[in-house]
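Residue-level structure breakdown
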Amino acid sequence: MIGVMDTNEDPWSLGPLLKKMKLTFKGLTMYCTQQQRCLLWKHNDPSNKRVSLHWCLQQAQARTVYSLKEEKKSTKTAANFSANLIVTCWFCQTSSGSPANPIYTIIFIVKDQRPLKRLIMEGTRGHILQLMVMGVLLGATVLGHRAIQTPDYDDTSTPEILNPSWMANIPDIYSISDVTMPGTHNTMALYGGTLAECNSWSLALQLRAGIRFLDIRVRHAKGNLTIHHGISYQYAHFGDVLMDVVAFLREYPSETVLMRLKEELSETRDIYNAVVRYINEYAHWDLLWHSREMPSMGAARGKLIVLQDFTGPDLGIRYNSLDIADDWKVSSLQPEEVEKKCRSVSTHLEAAAVGNKNRMFLTYSSGASILAHPNALARLINPRLHGYLTGYVGQRKRFGIVAMDFPGAKLMQTIIGFNY
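As the structure is a computational prediction, the values presented were derived from the model and not from experiment.

1. Here's the deal with the overall build of the chain
For the chain, the count of helices and strands is nine helices and 17 strands. Counting over 420 residues, the chain shows a buried share of 54%. Within the chain, contacts between residues separated by at least 24 positions form 73% of all contacts whose residues are at least 6 apart in sequence. Split by element, the accessible area of the chain, about 19,000 Å² in all, is 52% carbon and sulfur.

2. Considerations on the side chain of T156
In this fold, T156 is placed in the loop between β7 (128–133) and β8 (181–184). Here T156 falls in the buried class, since its relative accessible area comes to 17%. Looking at T156, its side chain comes within polar contact range of the side chain of Q149, at 3.2 Å. Not counting residues up to four positions away in its chain, the partners in contact with T156 are A147, I148, Q149, S200 and W201.

3. Concerning the pattern of salt bridges
Considering all chains together, one arrives at 14 salt bridges under this definition. In this structure, D314 and R292 form a salt bridge, with 2.8 Å as the shortest nitrogen-oxygen distance. Within this pair, whereas D314 is found in the loop between β13 (304–308) and β14 (317–318), its partner R292 is found in the loop between α5 (272–282) and α6 (297–300), the two being separated by 22 residues in sequence. Three or more residues are tied together by salt bridges with common partners; here these are D215, R217, R260, K262, E264 and D309.

4. Overview of the packing of aromatic side chains
One pass over the full model with this rule turns up eleven aromatic pairs. On the basis of an interplanar angle of 50° and a centroid distance of 6.0 Å, the ring pair of F238 and Y278 is categorised as tilted. Of this pair, F238 sits in helix α4 (residues 238–251) while Y278 is found in helix α5, placing the two residues 40 residues apart along the sequence. In textbook terms, an aromatic cluster arises when at least three aromatic residues are bridged by ring pairs, as seen for Y388, Y392, F399 and F418.

5. A closer look at helix α7 (residues 335–354)
Between the first and last C-alpha of α7 there are 29 Å, a value that for 20 residues agrees with the 28 Å anticipated at 1.5 Å per step. Taken together, the buried positions of α7 are occupied by V338, K341, C342, S344, V345, S346, H348, L349 and A352. Where the residues of α7 are buried, they touch β15 (323–325), β16 (361–364), α8 (374–390) and β17 (401–404).

6. Concerning the nonpolar core
Core analysis: the largest hydrophobic core is formed by 49 residues, its most contacted members being L214, I216, F238, V241, V275, L304 and L389. The biggest single contributor to this core is α4, with seven residues. Excluding anything up to four places from it in sequence, F238 contacts I216, V218, L225, I227, M259, L261, V275 and Y278. Grouped together as the second largest cluster of nonpolar side chains are 22 residues, M297, L307, M360 and A403 included.

What counts and how
- Residues numbered from 1 in each chain as written.
- Predicted model: local features only at pLDDT ≥ 70, side-chain atom pairs only at ≥ 80, totals over all residues.
- Heavy atoms only, no water.
- Helix = DSSP H or I, 4+ residues; strand = E, 2+ residues; numbered from the N terminus.
- Buried < 20%, exposed > 50% of the residue type's maximum accessible area, 1.4 Å probe, protein only.
- Contact = heavy atoms within 4.5 Å.
- Areas by Shrake-Rupley, 256 points an atom, 1.4 Å probe, with all protein chains shown as cover.
- Polar contact = N/O pair within 3.5 Å; in protein donor to acceptor, adjacent residues only side chain to side chain.
- Salt bridge = Lys/Arg side-chain N within 4 Å of Asp/Glu carboxyl O.
- Phe/Tyr/Trp six-rings, centres within 6.5 Å; stacked < 30°, edge-to-face > 60°.
- Expected span 1.5 Å × (residues − 1).
- Core = buried A, V, L, I, M, F, W, Y, C linked by side-chain atoms within 4.5 Å.

See below:
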């Protein structure tokens, strides 16, 4: 199994940290492959019993590998070695070239799953190091996987059915909170292995397939907003999202798009100015619905409604004003855990059907854990969700937003059908 952690912590301090967690490791291999000059950690060990690492990679694109697997057992680090965990560290200078604040990405190759439950740890300097466990067997991320397209689950690259303008038939007088609509959880999470990936369709195709709620996560660094799911970079930035939304709404002005926007991986808690800059650069200010008030369908057409999950002046509707069910922690694929998740989903959908019509309801059918990857869980949850909803086909029902991983086109059509 693989675990990944980003930190500015001295990697050599992980020995005592792992010991405190009752985790041990075997071997420490350091790589530096950045295109610029990089600094590997210079370790000053008074006992001089360990390898001293110093400046390396003076040439661009140079690569040096150091291995401590053969270190003597007499050293403090080597004394903690066991066969449970191999730790591989990539750490380079920051993009500015300064060695004063290096960023380390630590890859854990875990041979024993038992320690994984303790992989959110307290750092040696008292702050929290967040470890995102990828939970993928080495080499098994894509090998042997065949894309599946069923009525309720789809991890292929192209939707079976497109519904680009389904909102055109909703009366203008209806409140957006009274509309039942399909959405995707972690909309842009298309890369990073089976624990990180939540969808397989591009954003442009999701919109044309009928998705109207987007769950967008941005990492804020030096004013830039890149798209991430945890540590997994999604090869896009917030401007790409805005350009796709603008292109779609220009082509289909009868529609509206709701976007939950939150900070991911970074913790600046100050993304407002960057968001505004991206909107002005990649979209336009009038694209947004500028109010906390719930719009009617007529007022929302052609608009992007930001569900603001960050601090700052109002850009749209506050995300925490919604009635939300997001019980995403599903510990395994065991029937009792799947049933518990399904019960949470159906209970909230039933509450949405009879709840305050001035309040928007949002139900996430998605979930994940080290033993229940999003795709595997969606293959179990989505058919159950589809079966539950099918029981109401032919009725006009108000279920609010249903956010899913890997939704199938016919499941989405069932959700859309409750509006008519």
